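Structure assessment
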Amino acid sequence: MEPVKRNILLNPGPSTTTDTVKYAQIVPDICPREKEFAGLMKGLREDLVRVVHGDLEEYTSVLFCGSGTINIDVCINSLLPEEKKVLVINNGAYSTRAVEICEYYGLPHIDLRFPVDERPDLAKVEEVLKNDPDIALIHTTHNETGTGILNPIREIGALAHKYGAVFTVDTTSTYAMIPIDIAKDNIDFCMASAQKGLMAMTGLSFVVGKRAIIEKSASYSKRSYYCNLFLQYDCFEKTGEMHFTPPVQTIYATIQGLKEYWAEGEEGKWARHTRVFQAINRGLDELGFRQVIKPEWRAGLVSSAIYPDDPNWSFEKVHDYCYERGFTIYPGKISTTNTFRLCALGAIDEKDIEDFFVVFQEALQASGVSVPVHYSEEKGYRS
Ligand SMILES: *Cc1c(COP(=O)(O)O)cnc(C)c1O
């Protein structure tokens with residue numbers, strides 16, 4: 001097996017993959033309608049439930065061909081009963097996506113907004129629930145990948161259930177990284193795609209959630225032909241297959257990614273991501289960078305650094321310098337503050353981050369940015 005050039009991706013997914021995952025895609029051609037392939041998907045679906053410790057009787061997973069956003073679309077358009085309302089607890093770009101999905105489908109919804117650098121105020125959430133018995137679906141994001149803030153999903157889930165609503169959580173940037181227990185965390189549906197925590201390839205996304213709720217949703221309005229949760233679930237249950245063509249090679253890569261996930265172990269993997277995250281924070285601190293999110297609120301996977309007030313600072317220049325040397329950094333996703341992100345996803349370790357900061361510091365020097373970087377006023381947080 002010829003090693004593939006290794007790039008260190010510090011963007012929030014797709015993430016750096018192992019060569020064994022890359023090569024898992026090189027297999028004899030197969031028609032995905034063959035029993036052999038359906039068998040592979042059956043094992044895969046069960047494993048995806050096991051990652052979040054779901055009981056296989058009570059929980060199931062449903063696969064879709066698409067990027068992670070398809071899961072948000074599927075959950076919201078499929079799980080809302082007639083005449084009912086969606087509540088989106090929104091403190092960032094990914095929850096805003098859910099709001100836009102409600103708008104596109106014309107679904108009644110409440111966009112309950114909180115500042116992007118703050119956790120949602122649970123008292124306000126409860127106030128809204130108390131006053132609006134029509135809310136049947138609550139959606140939020142676990143790790144708001146745009147900033148790296150961790151939302152209190154277990155508490156939000158408890159509120160959802162207290163008021164009889166279904167709770168869907170976008171766990172795309174925590175699944176198979178931060179340990180999740182779907183039942184204990186009060187989650188009805190969570191979701192992810194193969195290229196993030198599972199460190200596989202793009203093109204496969206999946207929703208993990210309660211069978212009973214999916215079955216109940218069979219009678220709800222069908223608002224999308226391609227992206228309906230019950231239709232896809234029903235097809236899997238009856239035939240073992242995806243309704244339409246699955247991303248064959250990505251499925252092979254994901255099965256290999258899961259093998260490597262079990263070998264590394266939930267705890268071991270989270271410890272590695274934490275090690276990488278701490279190395280990123282150390283590096284940023286040493287160079288004087290400030291971050292958007294308070295240390296105690298960070299999910300531990302995404303650092304959002306604020307642009308320094310230096311006339312020579314250019315994200316593009318620094319990005320290009322690093323990119324040419326095999327390291328990819330990523331712009332921020334906050335409209336009010338200029339930020340860039342460094343993420344701890346993927347098959348990388350502390351040493352890769354140390355190597356990155358050597359190159360990053362060279363990039364700052366090459367563009368004439370003074371180090372440590374400075375800010376014209378007190379802002380953000382150190383680690
Ligand atoms: C990556 C990500 C998604 C999916 O984004 P795509 O661009 O569709 O891959 C959704 N939610 C969160 C929180 C994410 O980090």
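Residues numbered from 1 in each chain as written. Predicted model: local features only at pLDDT ≥ 70, side-chain atom pairs only at ≥ 80, totals over all residues. Heavy atoms only, no water.

**Here we look at the overall build of the protein chain**
Let me state the cut-off plainly: Per the convention used, a helix needs a DSSP run of H or I reaching at least four residues, while a strand needs a run of E reaching at least two, with both numbered from the N terminus. Throughout, a residue-residue contact means that at least one pair of heavy atoms, one from each residue, lies within 4.5 Å. Exposure was quantified through the Shrake-Rupley algorithm and a 1.4 Å probe, taking into account, for residues, occlusion by the shown protein chains and nothing else. His is not counted, nor are the chain ends; Lys and Arg add positive charge and Asp and Glu add negative charge. Where a charge lies is defined by one atom per residue type: Lys uses NZ, Arg uses CZ, Asp uses CG and Glu uses CD.
Looking only at helices and strands, one finds twelve helices and 14 strands in the protein chain. Oriented by its inertia axes, the alpha-carbon framework of the protein chain measures out at about 60 × 60 × 35 Å. Considering only contacts in the protein chain between residues 6 or more positions apart, those separated by 24 or more positions represent 73%. About 15,900 Å² of surface is accessible on the protein chain, with carbon and sulfur atoms providing 51% of the total. With 40 positive and 53 negative side-chain charges, the protein chain shows a separation of 1 Å between the mean positions of the two kinds.

**Digging into the sheet that holds strand S9 (residues 189-193)**
We count it as follows: For two strands to be treated as a pair, DSSP must find no fewer than two bridges joining them. Think of each axis as a best-fit line through the C-alpha atoms, taken over the contacting stretch in the case of a helix, with angles from 0 to 180 degrees between the N-to-C directions.
One open sheet holds the seven strands; their spatial order is S2-S10-S9-S8-S5-S3-S4, and the pairing between them is mixed. The open sheet has two edge strands, strand S2 (59-65) and strand S4 (109-113), and neither has a second partner. Each adjacent strand pair in this sheet contributes to an overall mean axis angle of 20°, direction not counted. Of the strand pairs in this sheet, strand S3 (residues 85-90) and S4 are connected by five bridges, and their pairing is parallel. Along S4, the bridge assignment pairs Asn-90 with Arg-113. Contacts between helix H6 (residues 153-162) and the sheet are confined to S3, strand S5 (135-141) and strand S8 (166-170), with S8 contributing the most and set at about 155° to the helix.

**Brief notes about the nonpolar core**
Nonpolar side chains in soluble globular proteins generally cluster together in the buried interior. To keep it simple, the criterion reads: Within this scheme, the nonpolar core is defined by two criteria: the residues are buried Ala, Val, Leu, Ile, Met, Phe, Trp, Tyr or Cys, and they are joined through side-chain atoms within 4.5 Å. Think of it in three bands: with a 1.4 Å probe and only protein chains considered, a residue is buried below 20% of the maximum accessible area for its type, exposed above 50%, and partly exposed in between.
Residues Leu-63, Ile-138, Tyr-175, Phe-189 and Leu-229 are the most contacted members of the largest nonpolar core, which totals 76 residues. Residues contacting Ile-138, with those up to four places away along its chain left out, are Leu-87, Ile-89, Leu-129, Ile-156, Ala-160, Ala-165, Val-166, Phe-167 and Thr-168. Membership of the second largest hydrophobic core comes to 44 residues, among which are Ile-280, Leu-284, Ile-334 and Ile-353.

**As for the pairing of S3**
Put simply, the rule is: Handedness of a crossover is defined as follows: orient the strands so they point away from the viewer, and if the path from the first strand over the helix to the second runs clockwise, the crossover is right-handed.
Within S3, five of the six residues are buried, leaving the element largely enclosed by the surrounding structure. As defined by bridge partners, S3 adjoins S5 across four bridges and the pair is classed as parallel. Residue pairing for S5: Lys-85 is matched across the bridge by Ile-135. For the crossover that starts at S3, traverses helix H4 (residues 93-105) and ends in the parallel S4, the hand is right-handed.

**Quick notes on the site of the ligand**
In plain terms, the rule: The cutoff for a nearby residue is simple: one of its non-hydrogen atoms must lie within 4 Å of the molecule or strand. Identification of polar contacts relies on pairs of N or O atoms within 3.5 Å, with a donor-acceptor requirement for protein atoms, meaning one able to donate a hydrogen and the other able to accept it, and with residues adjacent in sequence counted only if both atoms are side-chain atoms. Lys, Arg, Asp and Glu make up the charged group, whereas Ala, Val, Leu, Ile, Met, Phe, Trp, Tyr, Cys and Pro make up the nonpolar group; the residues left over, Gly among them, are polar.
The environment of the ligand is formed by 13 residues, the closest being Ser-67, Thr-69, Thr-145, Asp-170 and Lys-196. In the model, an oxygen atom of the ligand is placed 2.5 Å from a nitrogen or oxygen of the Ser-67 side chain. Asp-170 is positioned with one of its side-chain polar atoms (N or O) 2.6 Å from a nitrogen atom of the ligand. Taken by itself the ligand offers 390 Å² of open surface, and the protein chains cover 86% of this. The class makeup of the residues in the shell around the ligand is one nonpolar, nine polar and three charged.

**Notes on helix H10 (residues 266-286)**
What counts here: Helix span, as expected, comes to 1.5 Å for every residue beyond the first.
Counted at 1.5 Å a residue, the expected span for H10 with its 21 residues is 30 Å, and the 30 Å between its end C-alpha atoms agrees. Listing the buried residues of H10 in full gives Lys-269, Arg-272, His-273, Val-276, Phe-277, Ala-279, Ile-280, Asn-281, Gly-283, Leu-284 and Asp-285. The elements touched by buried residues of H10 are helix H9 (248-264), strand S11 (302-306), strand S14 (339-343) and helix H12 (350-366). Note on H10: the residue one or two positions beyond its end, Gly-288, has a positive phi of about 90°.

**Let's talk about the packing of aromatic side chains**
Put simply, the rule reads: Only Phe, Tyr and Trp rings take part, Trp by its six-membered ring, and two of them pair if their centres are within 6.5 Å. Stacked means planes under 30 degrees apart, edge-to-face means over 60, and tilted covers everything else. Charge over a ring is defined by NZ of Lys or CZ of Arg lying within 6 Å of the ring centre and within 35 degrees of the ring normal.
One pass over the full model with this rule turns up 18 aromatic pairs. Both rings, one in Phe-315 and one in Phe-340, keep their centres 6.3 Å apart while their planes meet at 35°; by these two values the pair is tilted. With Phe-315 in helix H11 (residues 315-324) and Phe-340 in strand S14, this residue pair connects regions lying 25 residues apart in the sequence. The pair formed by Phe-315 and Phe-340 is uniform in burial state, with each residue classed as buried. Over the face of the ring belonging to Trp-297 we find Lys-294, whose NZ or CZ atom lies 4.1 Å from the ring centre. Between the NZ or CZ atom of Arg-325 and the centre of the ring of Tyr-321, over which it lies, the distance is 3.6 Å.

**Considerations on the sheet that holds S14**
Taken in spatial order, the three strands of this open sheet run S11-S14-S13, and their pairing is antiparallel. The open sheet is flanked by S11 and strand S13 (330-331), the only strands paired with a single partner. Of the pairings in the sheet, the one linking S13 to S14 comprises two bridges and is antiparallel in character. Pairing of Pro-331 across the sheet is with Phe-340, part of S14.

**A look at the side chain of Ser-173**
Looking at the element boundaries, Ser-173 is found in the loop between S8 and S9. Residue classification places Ser-173 among the buried positions, given a relative accessible area of 3%. Engagement of the side chain of Ser-173 in a polar contact is seen with the side chain of Thr-145, the distance being 2.7 Å. Sequence-distant contacts of Ser-173, defined by excluding residues within four places in its chain, comprise Asn-143, Thr-145 and Leu-301.

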